[in-house]
Every structure is written in structure tokens, then in C-alpha cells.
Amino acid sequence: MNNVLKNYFEVRNEQNLLYQANKLAGSVKNNNYLTDPTLSAKFLNDLDEKSTEISARILVLNSDAEIIADTNRTETDKTIIIPEVIDALKGTAAANLRGSTGKIYASAAIDGENGEILGAILLVSGFDEVYDLLASLNKDWLFLTIIISVVIAIIVYITSGHILKPLTRLVDSIRKITDGNLQERVAGKGKNEISVLGDAINIMTEKLEYEDTSRSEFVSNVSHELKTPLSSIKVLSESILLQDTAPEEMYKEFLQDINSEIDRMTNIINDLLSLVKLDNREAGLNLGETNLRMMLIGIMKTLYPLVKVKDIELILEADKDVIIDADETKLSLAISNLIDNAIKYTPSEGVVKVTLENDHQNAFISVADTGIGISEEEQPKIFNRFYRTDKTRDRETGGTGLGLSITHSTVLLHNGNIKVISKEGSGATFIVRLPIKQNREEK
């Protein structure tokens, strides 16, 4: 600010003094003060009045740079050789502030009647008033700066408390969550950025807590599912060992039961391995052009023995071939699980209908049955691992409780989705949406 003010006053004073020098030079020429010696007294009187008027010292020089008039009466008959005088005697007006002297020098040429240069006018004006003003402003600026700094410091101290306290609480909560306390929640008020961040952390923690709970339930369910066949195998094997004279038919029956339980354990383990691969995307997708209509026909041929035993009508509505990018092996298993479930939970003489449709972006496979249906409370859970809607028949159906989980994971891996429409006692309809084209580079 000081530099701006100094430059402003410097330019303004130089221009004003230069204007006065040119004006005075014209007056000297017009009044013939240099060519008429009889006007010397009047000339000096006019110079004194002008000097008082503009608050500047006036010197008049001849063409040899000798002083012929000085309002201070101190430099008469002396020669002054400075840039401003030299410029004026060459016909160029000039004005400059000399920092060493703290004064402004302005000069202008005095022309004769024939255009020759008779001499020069040199004005000298002090710049002390401006320096004094700037010094005073410096003190004011310094005082104002101190006041502003104190005010800012107080404001920062007060506001930092409001900011740092929530941040400190946020960091404490994050540390507790990091240490495994997933029940911790970040408390926040308002709609500021910290509250938004706290809400995001709470959502993340809830998901982590859900995942942790799901993992614990999953381990518990796996243990339970494997414990049951192991217990059966143990009971059967002990029965054989304790009966030395048991008939051969009993041995065969018990061994067949043991073999069935081993098969059940094998199915559970295989399904678990499939789920782990799907979750970690380790298996990836072996994408290729898949004809969904032909795939559905193949699945229904495979499941036909189950339909025949239960006397169920299995219907396929697929008017045309629908070709999509898919891993046919994985997708066939997923859709087969859906149809297999529909057959298992549909009573005799019921109907299971599979429909294939498409638009320009997606293919839709729906599997509808006339079975026991699914209540609205259970629908959000049916894709959980080992979850069964009919717990009284879980052994009769022979499933592992992982089929829908595998189907759900496979559909998601294909960038699709699956939803269920059902009411208890009114059957169920599963609708699978699959994109026709996949980004093969991602797979």
C-alpha cells in the first residue's frame, strides 16, 4: 500500500510540476523577460509570486546552463549540469524525483522568437510532506495490523475449538472402530462437512458390523451343516461296531446311509468353494456367446426326472434365440438352481413356468411356480447362505441352502440383478436380468 501511495503522489507531483514549468517557460517567452533587461525587476517579482503560489523553488538558466535568476537568491551566476537541465536545453521537458535529495526536479525549455532555445526553467519542489504522510500511514497500518491480527487470533482460537473438538471425537471413534469396536458410532450434528463425514463413517461401520455378523453366522451355519452329517456318520458307524452279529442287510443299509451323508458333506463343501471363488472373483468369467434358449432347454432336460416324479408341469416360453455374452457353465448352474428350487417347493400337479424375453440391452429370465411362496419378511433373506424358507423340510429337499446364494453371486458377477415377487401360499416368481453385452476387458 505504501508503494502504491508513493508512486501515485510521485507521478501526480511530477506531472503537476512539469505543467507549471512549461507554463512558466511560456510566460517568460511571451513577456520577453530574457531579451529585455529593463524588465528584470518585474521578472524577479513575478518569479517570487509564482514560487509562493506553487510552493517550489524557481531557477532560470541561460543557454549555457548558467543561473540568471533564483527565487532563493543563493545560486546566481552558477552553472547547473543535471539531466533535467540538459534535457530542457535540448528541447525536451523532464521531471524526476531524486531519492537522494528527496526533491522533485522539473524543467522546460524557453524558446526564442525564431524557435531557438534561449534557456531553461528549473523547478525544485520538496517531497517531504509525502514522506511524512507515508510515515504516518505506516504507523496507522502497523497499529491496524496488530488489531486485526489479535482479532483474527481470537476468532481462530474460538472457531478452531468448534472444528477441532468434532475432529478429535471423530478420530477417537475411528481408533475404536480400528480396534474392533464395530458398535461405535460417530455422533454429529448439523449439515457441515464433518457431520457428513461422520455419517459416511457410520454407514461404513454398519456395513462392517453387518459383514462381521454375517461372517460369524456363516461360520456357525457351516459348522451346523457339517456337524449334522458327521453326527449321523458317527452314530451309524458306532451302531455297526457295537453289533458283532448284525445281519448283512443292516450293514449295507448303514453303509448306504453313511455314503449319503458323505455325499451331502461333499456337496456342501463344493458349494462353499464355488461361493468363495465367486465372492473373491478368483474364478472370473469365461465369456462367450451364449444362446439362452438352448441353455434353458438343456437345463429342463436335465431336471425332467424330478418333474416326472412329482407330476409337475414344466413349461418353457422362449419364442426366439437370445444371444448374450456370458459364462455358460456358471450361468447354467445358477439358472438350474432357480428351476430346481421351484420344482422342490411346488407340490404335485403344480406348474413351473420358465420365460425368456429380451430388449435391445438386456435379457430377462423368469422362473414362476405355484408352490408354497415366500413371505415378505423372508424375501430379503433368501439369498443369504444356508437360509431356508421351509425349515421343516430342509432335509427332505436335500439342498445345502447355498443354491440361491450361488445364483445371486453369479448374476452379480455378470453385472445383472435378480429379484423375487411372491406372497406366502401363492407361489413365487424369480426374475433375472442379464446384460446382452459385457465389457470383456473387465472380465
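Residue indices follow the written sequence of each chain, beginning from 1 at its first position. Side-chain atom pairs in this predicted model are given and counted only at pLDDT of 80 or more, local residue features only at pLDDT of at least 70, and totals for whole chains, interfaces and linings cover all residues. With hydrogens and water stripped out, all remaining heavy atoms of the structure feed into the side-chain values.

**What about a nonpolar patch on the surface?**
- Here, patches come from residues exposed beyond 30% relative accessible area and free of salt bridges, joined within 9 Å for like charges and within 5 Å for nonpolar side chains (Val, Leu, Ile, Met, Phe, Trp, Tyr). Areas reported here follow the Shrake-Rupley algorithm with a probe of radius 1.4 Å; residue values treat only the protein chains shown as occluding. A carboxyl oxygen of Asp or Glu within 4 Å of a side-chain nitrogen of Lys or Arg is what we treat as a salt bridge. Together, M1, V4, W141, L144, I148, I152 and V156 make up an exposed nonpolar region whose accessible area comes to about 650 Å².
- Counting residues per element, the nonpolar patch draws most heavily on helix α4 (residues 128-178), at 5 residues.
- Note on conventions: DSSP H or I runs of at least 4 residues are helices, E runs of at least 2 residues are strands, and numbering of each starts at the N terminus. On the secondary structure map, W141 appears in helix α4.
- Three exposure classes are used, based on accessible area relative to the maximum for each residue type with a 1.4 Å probe and protein chains only: buried under 20%, partly exposed in between, and exposed over 50%. Classification of W141 by relative accessible area gives partly exposed; the value is 34%.

**Focus: the environment of D111**
- Here D111 shows up in strand β4 (residues 103-111).
- Each C-alpha atom, one on D111 and one on L89, is 9.6 Å from the other, the two residues being 22 residues apart in sequence.
- Apart from the residues lying within four places of it in its own chain, the contact partners of D111 are K29, E116, I117 and L118. Contacts between residues were defined by any pair of non-hydrogen atoms, one from each residue, lying within 4.5 Å.

**Here we look at the confidence of the model for the chain**
- Of all residues in the chain, 87% have pLDDT values of 70 or greater, and the mean over the chain is 82.
- pLDDT is a per-residue confidence score from the predictor, ranging from 0 to 100. Contacts for the low-pLDDT stretch residues 391-397, under 50 throughout, to residues beyond four places or in other chains number 13 contacts.

**Some points on the sheet that holds strand β2 (residues 67-70)**
- Each pair of strands is called paired provided DSSP finds at least two bridges between the two strands. Read across the open sheet, the 5 strands follow the order β2-β1-β5-β4-β3; overall the sheet is antiparallel. Every interior strand has two partners, whereas the edge strands, β2 and β3 (94-98), have only one. Strand-to-strand, the axes of this sheet are offset by a mean angle of 20°, without reference to chain direction.
- Summarising the sheet, β4 and strand β5 (residues 117-126) pair through 9 bridges and their orientation is antiparallel. Note on β5: the bridge partner recorded for I104 is S125.
- Sheet contacts for helix α1 (residues 2-30): β1 (57-62), β3, β4 and β5; angle to β4, the most-contacted strand, approximately 25°. Every angle, taken between N-to-C directions, lies between 0 and 180 degrees, and every axis is a line fitted to C-alpha atoms, over only the stretch in contact when it is a helix.

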